[in-house]
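If you want the building blocks of each chain, they are given just below.
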Amino acid sequence: MALDYAEAAREVLEAIGGSSNIVSAAHCATRLRLVIADDSKIDKAKLDDVVGAKGNFQAAGQLQVIFGTGTVDKVFDEFIKQAGITAASKAEAKEAAANQGNAFQRAIKVLSDVFVPIIPAIVASGMLMGIMGALSYMGSQDIIALDTTSVWWRIASLINACALGNLQILLGFSAATVFGGNPYLGASLGALLISSDFINAYSASTAIAEGTMITLDVIPGVYSIDWVGYQGHVIPILVGVWILCFFEKRLHKVVPEMFDLFLTPLLSVSLAAYITILFVGPVFVWLENNILGLLMWLLQVPFGIGYIIIGLIYSPSVVTGLHQMYTAIDVSMLAQYGVTYWLPIASAANIAQGGACLAVALKTHSEKAKSLAVPAGISCLLGITEPAIFGVNLPNMKPFVAGMIGSACGALCCFIFNLAASGTGVTGIFGVLLCIAQPLQYIIMFAVAFGVAFGISSAVYRDKDAAAAPEKVAAETAAAADEVRALEAEEKAEAPAAAPKAETIGAPATGTAIALTDVSDPVFASLAMGRGIAVEPTDGKIVSPVDGTVTVVAETGHALGLLSDSGAEILIHIGIDTVELKGEPFTPFAKVGDHVKRGDVLMEADLDAIKAAGKAATTMLVITNTDAYTSVDQLASGEIKAGDAAVATR
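Here the residue numbers are simple positions, counted from 1 along each chain's written sequence. Note on the predicted model: pLDDT of at least 70 is required for a residue's local features to be given, and 80 or more for side-chain atom pairs to be given and counted; whole-chain, interface and lining totals, by contrast, use all residues. The basis for every side-chain value is the complete set of non-hydrogen atoms in the structure, without hydrogens or water.

Engineer: What is the right way to read a nonpolar patch on the surface from this model?
Structural biologist: Nonpolar side chains collect at one region of the surface, where F303, I305, I309, L312 and I313 lie side by side and expose about 480 Å² of accessible area between them. Looking at the secondary structure, you find L312 in helix α13 (residues 305–320). Each patch is built from residues lacking any salt bridge and having more than 30% relative accessible area; the joining distance is 9 Å for like charges and 5 Å for nonpolar side chains (Val, Leu, Ile, Met, Phe, Trp, Tyr). For accessible areas, the Shrake-Rupley method is used with a probe of radius 1.4 Å. Any residue's cover is judged against the shown protein chains and nothing else. We define a salt bridge as a side-chain nitrogen of Lys or Arg found within 4 Å of a carboxyl oxygen belonging to Asp or Glu. Starting at the N terminus, helices and strands are each numbered in turn, a helix being any DSSP run of H or I of at least four residues and a strand any DSSP run of E of at least two.

Here is the structure:
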């Protein structure tokens, strides 16, 4: 029976506290995106039970309610009609979301926006750092013969050092994009602040000890600065780029167009450089060092109390978004101490939430909950916690608390073993590569964090339906029986829908095939939308994976829907959060109602433009009527061409 869109909209509106609690409303290809005035007015239980909704979560200042392609737009139309509001554009919704929260929350949001696009580079560098550390360790123990003078090792060392060694350039580029300036000017300022003309920040203590530190007068006899670069520092770069963008945007308005091309960049970078090097940099370096000193003091509190506190609060910090600043802590610790004590605690927290989530998968009788909890729990063990936290643990609360306790116990192990990582970016199972000097200790920490969380979650978790009072169950059963009788009478007049047939579905693009559970969007990674495959595209041509009919072409171009001739309902979603690009990188070649053949080009995406905007181009193919099949299996991984066999339905 078709979904009652008006009823779905009414239930959402009621669950969020009515139209007076809405700041803005928009939708993408799969979900409502609502900015809420007062989160305390949301009735989470009612929201979880909204008819037709496949889940909900809060991220980036927005409440996102998942309905799926072809449904969300109809629910949205009813929603704004009933709420008596006008639809916001995606950009307006994003801006409204960004303005939610206090100054501290907005600052954390900015830090998140800057770091998220460069995390792949940091993770790749961290993974290689771990692998090379493991090889070096085995070489030093004569387990393997290792030639560190070979060209192969030297090139690997260059790759290993690239992201972290030039982090300030990456930060400059990303920060300028976030602050609305020219990213290449931001990168230039980042490069300037780690110039070889400075004394390298990593060598500053040696220069002081040897008496070779260069100190320059700014105001003679009153104020001077040490001529030291900003390697290993984060906040001074971000503030410096903000200053650059502040000047750049204003100069564009006042400098005559014929001089703007060279005068505005020159003045913007120069002013930002002088202000940052002379005043802002020294202040924020002092601030960074003191924050780091405070954290190190906390980690040295007797009996591991500081570690336990950090372990307890780590997962709640993920919920608030505060965890986005932790990469900066890792980078600062690596710069000052050569290792980071923070990353093993983060790993313990991720592992513990995974253990709690997998316990839910074991205990639940709901196939829907199980299909969400298994991949989400495995993702935690690989370092990605959002699907488990937002999709499973936090909604049920007890597993989330169990994960916090497991995290605290794992953190205590980190204290006992003085566990430290040689790099950053990789947690979970592969985090052992960054703790290769203490592999046994890492494995013990892993087992304790996982085991405690899994055990407590198993003991306390009960399905909501099983925990309902007997009277409520009886009442719901009677109501359900009445509804079934009414539906049976209605369905006699309806022709039954034909069951979809088994078929092999092609890849939507050329590139590298990965598991859907590995993508960074928690909605797709949790399989809430259905099973399928994802592709990291190397070619912008998006092709039809089947013979079928085009059912949806998003107005922003980032998503397409198809109905195959065999009955598969398919969503192709191009990129992560690319709805915010307002269609600029996308050129459609098909429209709703077109019958297409497998391999026909449906859309062309400008991959460079997507990446320049700080978005991932990962393209997801989801079988949204997965429940209609016995199985939906991924057939391919690694390199794949558009149209190659990618998914099998049975």
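Engineer: Looking at this structure, I do not really get the packing of aromatic side chains. What am I missing?
Structural biologist: The description of an aromatic ring pair rests on the distance of the ring centres and on the angle between the ring planes. For Phe, Tyr and Trp, rings pair up if their centres lie within 6.5 Å, where Trp contributes its six-membered ring, and each pair is then called stacked (planes under 30 degrees apart), edge-to-face (over 60) or tilted (otherwise). Applying the stated criterion to the full structure yields 8 aromatic pairs. When the centroid spacing of 6.2 Å and the interplanar angle of 90 degrees are considered together, the rings of F259 and F262 count as edge-to-face. With a gap of 3 residues between them, F259 and F262 both fall in helix α12 (residues 257–299), about one helical turn apart. Residue F259 is classed as partly exposed on the basis of its relative accessible area, which comes to 34%. Chaining the aromatic ring pairs together yields one cluster made of W242, F246 and F247. Using a 1.4 Å probe on the protein chains alone, a residue whose accessible area is under 20% of its type maximum counts as buried, one over 50% counts as exposed, and one in between counts as partly exposed.

Engineer: I'm lost on the packing of helix α7 (residues 151–165) against helix α8 (residues 167–179) in this one. Help?
Structural biologist: In a pair of packed helices, the angle between the axes and the distance between the axes together describe the arrangement. One way to put it is that α7 packs onto α8 with a least axis distance of 5 Å and a crossing angle of 50 degrees. Between α7 and α8, the interaxial angle falls into the category oblique. Where α7 approaches α8, its residues A163, L164 and G165 are matched on the opposing element by L167, Q168 and L170. For this classification, Asp, Glu, Lys and Arg are treated as charged, while Ala, Val, Leu, Ile, Met, Phe, Trp, Tyr, Cys and Pro are nonpolar and the rest, including Gly, are polar. Taken together, the residues that form the contact of α7 with α8 break down as 4 nonpolar, 2 polar and no charged. Only the stretch in contact is used when a helix axis is fitted, and all axes are lines through C-alpha atoms; the angle between N-to-C directions ranges over 0 to 180 degrees. Each angle receives one of four descriptions, namely roughly parallel if under 35 degrees, roughly antiparallel if over 145, roughly perpendicular if within 65 to 115, and oblique otherwise. We call two residues in contact when some of their heavy atoms are within 4.5 Å.

Engineer: Explain the nonpolar core to me, please; I cannot follow it from the model alone.
Structural biologist: Soluble globular proteins tend to bury their nonpolar side chains together. Note on terminology: a nonpolar core comprises buried Ala, Val, Leu, Ile, Met, Phe, Trp, Tyr and Cys residues joined through side-chain atoms within 4.5 Å. Within the largest apolar cluster, 41 residues are counted, with the highest numbers of intra-cluster contacts made by L299, M333, W342 and M445. Where this core is concerned, the elements lending two or more residues are α12, α13, α14 (326–337), α15 (342–363), α18 (398–417) and α19 (439–460). Top element by residues in this core is α15. It accounts for 10 residues. One finds A513, A568, L607 and I610 within the second-largest nonpolar core, a separate group that totals 33 residues.

Engineer: How should I be thinking about the sheet that holds strand β14 (residues 586–588) in this particular structure?
Structural biologist: Strand pairing within a sheet occurs via backbone hydrogen bonds; the two strands may be parallel or antiparallel. The sheet built from 3 strands is open, its strands ordered β10-β16-β14 with antiparallel pairing. Looking at the sheet topology across the chains shown, the edges are occupied by β10 (541–543) and β14. Averaged over all adjacent pairs, the angle separating strand axes in this sheet is 25 degrees, with direction ignored. A strand pair is defined by DSSP finding two or more bridges across the two strands. Of the strand pairs in this sheet, β10 and strand β16 (residues 601–605) are connected by 3 bridges, and their pairing is antiparallel. Looking at the pairing, V543 lines up with V601 of β16.

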